[in-house]
There are 2 protein chains.
Amino acid sequence: MVRVAVDGMGGDTAPHAVVKGAEIAAAEGIAEVILVGDEKLLTPLLKNPRSVKTVHAPTYVKMDESPSLALRRKKDSSIGVAMELVKEKKADAVVSAGNSGATMAFAIFTLGRIKNVDRPAIATLHPNIKKGTTVLLDAGGTVDCKPFHLAQFALMGNAFAKSILNINSPRIGILSNGEEITKGNELTREAHSLIEKMNLNYIGYVEGTDLYNGRVDVVVTDGFVGNIALKISEGIVEALFSFFKENINRSLIGKLGYLLLKNTFEELGRKVDYSEYGGAPLLGVDGICIICHGKSNAWAIRNAIALARRFAESSLHEVLKRSLEELSEI
Amino acid sequence: MVRVAVDGMGGDTAPHAVVKGAEIAAAEGIAEVILVGDEKLLTPLLKNPRSVKTVHAPTYVKMDESPSLALRRKKDSSIGVAMELVKEKKADAVVSAGNSGATMAFAIFTLGRIKNVDRPAIATLHPNIKKGTTVLLDAGGTVDCKPFHLAQFALMGNAFAKSILNINSPRIGILSNGEEITKGNELTREAHSLIEKMNLNYIGYVEGTDLYNGRVDVVVTDGFVGNIALKISEGIVEALFSFFKENINRSLIGKLGYLLLKNTFEELGRKVDYSEYGGAPLLGVDGICIICHGKSNAWAIRNAIALARRFAESSLHEVLKRSLEELSEI
């Protein structure tokens, strides 16, 4: 069975929600769960102590702590120890809802990077109107990017879409402020001339609207823009739901209308709820690492563990490594 | 009455939709409308030729034409002639749904810039869940920005929120990938240290979610990120509406539920429909210029003319000039 090391102390709702999510995943037989953190805190929270293993880590990294300082001073933190388990082949993947900068730092330091990857990228999944899924990367891993970082992201996104979404020849686009090649900024223009020479199904610049219309499978951008794209999406969905809630509760007719459309609203809720995806993989490090939303509830943690298992059982890691090797041939 | 020069040849649906929108605005007495373009094409489309004036312009700028080439070679284009009317004080504002790069180029060249503005910015309005409006700038005017451009945008956004949204002390934020000051990219970090020294109600970094939650009144960003933010919003709203449509039409219960919630859906539709706003002002040029969506229908053109009138009758332009003068004192 796939063994998943879970950072028991990471996230706004840790350790409670994390422990609960870990127990759900274990009870469902999704994976062998190894909960890492302060055992004095974690063990009393376990309802069924035999269902998950625990590994002790005396400290943890706070949400607002500097990742580089944490990396130097807190090797014995829950995320540090969880990464070590993967490095020592005692676990197949890491899941953390903690300080994502620190998770990245420990992943790079402990697991190392795949050959030809300079910076890792967070890949997020977005449902599109063609009933498919669009991958966005980088959603916040690497903020200040060089053009060759975007080229590496394109290769990683391609490998990810192939092995996880089963798309034969994923359409790759660079996120820009217009489709015409006269658009874009300095970064995208240079990245464009790199990526168009690569052996990819590159379709050129894509716009913000294309993240949700199914015109492209992999949207490449730097971590600054990617994070904003992700949070804008989150913000507008929250605003729409709040608008509906208020209008529906205003009248009896509204409430009745809601009842009739309840399934639709609930399906939509699941579609756009990050906790359904569980988390997002950190691509480019030499191991499987799932980064969860800081606000993850138990259901999100459970789903992140399921995602870790899916990646561990897939060919993702091998396909990624092979794809990136091509880069040196160019 | 406010006189608005409308680019009769600009936009995907020109001249038909533009002529129609101009006639609606004129019939409602919103403004004195001056339709600029090829009179051989425009005049036959007018249902009531006496309701709007026409001014002849023999050429026009195509949607995909290079703005700089258009500026050099097509001074006699509809947008070129419309700008001249404002410069010569024969019109108080310009409205165009045409090539926005060319509109900007002609605005800068013909009207000039306000003192201390290096680059103009497009300001878009976004409804937020606190029932207020959040201003985003730049939504696509200036793609490659320097930190002092963002500082100028902050001042312009402040003036805009004060004089148009009647907010006493607008909360200004820089769009970033996290609130903590350790976040941001090179551009935002330098812009932050400039803006925090200015006499503004600056609240620091804001995230994508904050564009819709009412935590901030003015969101400052470069035109590349701003355009993506705008298009992401557009894309996700389209996706949600398409999802609802499909689910609602699937069953009788769905259709009934929709009927009961019809007002809510329609209100939401208006809230997120760019044609309700009409267009977005180009701030920083020495005159009033409204840039419309290329896909503008007649209703959007009518509303853009109404917006132009509102700006012409407000203190916006004076407040903008005064605000920017402060910059030289810093």
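Residues numbered from 1 in each chain as written. Chains lettered and ligands numbered in written order. Predicted model: local features only at pLDDT ≥ 70, side-chain atom pairs only at ≥ 80, totals over all residues.

Participant: In this structure, what is going on with the sheet that holds strand 8 (residues 201-206) of chain B? I would like to understand it.
Facilitator: Pairing between the strands of a sheet comes from backbone hydrogen bonds, and it takes one of two forms, parallel or antiparallel. All names here are of chain B. With mixed pairing, 11 strands are arranged side by side in an open sheet as 3-2-1-4-11-10-5-6-9-7-8. Each of the sheet's edge strands pairs with one partner strand only, and the pair in question is strand 3 (53-56) and strand 8. Taken over all neighbouring pairs, the strand axes of this sheet differ in orientation by 30° on average, direction set aside. In this structure, strand 1 (residues 3-7) lies alongside strand 2 (residues 32-37), joined through five bridges in parallel fashion. Bridge assignment links V6 to a residue of strand 2, and that residue is L35. Contacting strand 1, strand 2, strand 4 (93-96), strand 10 (280-283) and strand 11 (288-291), helix 13 (residues 298-313) crosses the sheet at an angle of about 155° to strand 4. (Pairing = 2+ DSSP bridges. Helix = DSSP H or I, 4+ residues; strand = E, 2+ residues; numbered from the N terminus. Axes fitted to C-alpha atoms, helices over the stretch in contact; angles between N-to-C directions. Contact = placed C-beta atoms within 7 Å.)

Participant: Just checking my understanding: could you explain the nonpolar core for this structure?
Facilitator: In globular proteins that are soluble, nonpolar side chains generally tend to be buried together. Core analysis: the largest hydrophobic core is formed by 224 residues, its most contacted members being I305 of chain A together with I305 of chain B. Looking at which domains feed residues into this core, each of domain 1 (1-116 + 284-314) and domain 2 (118-281) of chain A supplies at least three. Contact partners of I305 of chain B, with chain neighbours within four places excluded, come to V4, V6, A25, I30, A31, V33 and V95 of chain B. Membership of the second largest hydrophobic core comes to eight residues, among which are I248 and L261 of chain A together with I248 and L260 of chain B. (Core = buried A, V, L, I, M, F, W, Y, C linked by C-beta atoms within 7 Å. Buried ≥ 20, exposed ≤ 12 C-beta atoms within 10 Å, placed from the backbone. Domains from an automatic or database assignment.)

Participant: Help me understand the packing of helix 9 (residues 223-249) of chain B against helix 10 (residues 252-260) of chain B, please; the structure alone is not making it clear to me.
Facilitator: Two measures define how a pair of helices packs: the angle their axes make with one another and the distance between the axes. Residues and elements named next belong to chain B. Between helix 9 and helix 10, the least distance of the axes is 6 Å, while the angle of their chain directions is 125°. By the angle between their axes, helix 9 is oblique relative to helix 10. Seen from helix 9, the contacting residues are N247, I248 and N249; seen from helix 10, they are G254, K255, G257 and Y258. Residues of the contact of helix 9 with helix 10, tallied by class, amount to two nonpolar, four polar and one charged. (Parallel < 35°, antiparallel > 145°, perpendicular 65-115°, else oblique. Nonpolar A, V, L, I, M, F, W, Y, C, P; charged D, E, K, R; others polar.)

Participant: Teacher, can you tell me more about the domain arrangement of chain A here?
Facilitator: When the parts of a complex come together, some accessible area is lost, and that lost area is often taken as the interface size. Residues and elements named next belong to chain A. The domain architecture assigned to chain A consists of domain 1 (1-116 + 284-314) and domain 2 (118-281). Centre-to-centre, using C-alpha coordinates, domain 1 lies 25 Å away from domain 2. The set of elements that each furnish at least two residues to the side of domain 1 that touches domain 2 consists of helix 5 (100-111), strand 11 (288-291) and helix 13 (298-313). Tallying contributions element by element places helix 13 first for the side of domain 1 that touches domain 2, with seven residues. Tallied by class, the residues present in the side of domain 1 that touches domain 2 amount to 15 nonpolar, seven polar and one charged.

Participant: What am I meant to see in the sheet that holds strand 3 (residues 53-56) of chain A here?
Facilitator: Residue and element names in this part refer to chain A. What the 11 strands build is an open sheet, ordered 3-2-1-4-11-10-5-6-9-7-8; its pairing is mixed. Pairing within the sheet leaves two strands with one partner each, and these edge strands are strand 3 and strand 8 (201-206). Shown here is a sheet whose adjacent strand axes are inclined to one another by a mean of 30°, direction ignored. Of the pairings in the sheet, the one linking strand 7 (residues 171-175) to strand 8 comprises five bridges and is parallel in character. Each residue of the ladder has a partner; that of R171, found in strand 8, is N201. In the packing of helix 6 (residues 147-163) onto the sheet, contacts are made with strand 5 (121-127), strand 6 (133-137), strand 7, strand 9 (218-220) and strand 10 (280-283), and the angle to strand 9 comes to roughly 165°.

Participant: What is the right way to look at the relation of the copies chain A and chain B in this model?
Facilitator: A rotation about an axis combined with a shift along that same axis relates the two copies of the chain. The two copies are related by a screw motion: chain A maps onto chain B through a turn of 180° and a shift of 0.0 Å along the axis, at an RMSD of 0.0 Å. Here the copies are linked by what is in effect a two-fold axis. Scanning chain A for the C-alpha nearest the rotation axis identifies G257 of chain A, at a separation of 2.1 Å. Of the interface residues in chain A, 100% have counterparts in chain B that sit at the interface too, so the contact is made through matching surfaces. (Least-squares fit on C-alpha atoms with pLDDT ≥ 70 in both.)

Participant: How should I be thinking about the interface of chain A and chain B in this particular structure?
Facilitator: Every contact between the two is made by 50 residues of chain A and, on the other side, 50 residues of chain B. Mapped onto the side of chain A that touches chain B, the elements with two or more residues apiece are helix 8 (210-213), helix 9 (223-249), helix 10 (252-260) and helix 11 (262-272) of chain A. Looking at the side of chain A that touches chain B, the element that brings in the most residues is helix 9 of chain A, giving 22 residues. Taken together, the residues that form the side of chain A that touches chain B break down as 23 nonpolar, 18 polar and nine charged.

Participant: I keep staring at helix 1 (residues 16-27) of chain A and nothing clicks. Help me out?
Facilitator: An α-helical segment advances 3.6 residues per turn. Residues three or four places apart therefore align on the same side. Residues and elements named next belong to chain A. Over its 12 residues, helix 1 extends 17 Å from the first C-alpha to the last, a length consistent with the 16 Å expected when each residue adds 1.5 Å. Within helix 1, burial applies to A17, V18, V19, G21, A22, E23, A25 and A26. Contacts made by the buried residues of helix 1 are with strand 1 (3-7), strand 2 (32-37), helix 2 (39-42) and helix 13. Following helix 1 by one or two positions, G29 adopts a phi angle in the positive range, close to 70°. (Expected span 1.5 Å × (residues − 1).)

Participant: What is the right way to read helix 7 (residues 186-195) of chain B from this model?
Facilitator: Residues and elements named next belong to chain B. Buried within helix 7 are the following residues: L187, T188, A191, H192 and I195. Projected onto a plane normal to the axis of helix 7, the buried residues spread over an arc of 130° and lie on a single side. For helix 7, the exposed residues lying more than 90 degrees away from the buried face are E186 and S193. (Arc of directions from axis to C-beta.)

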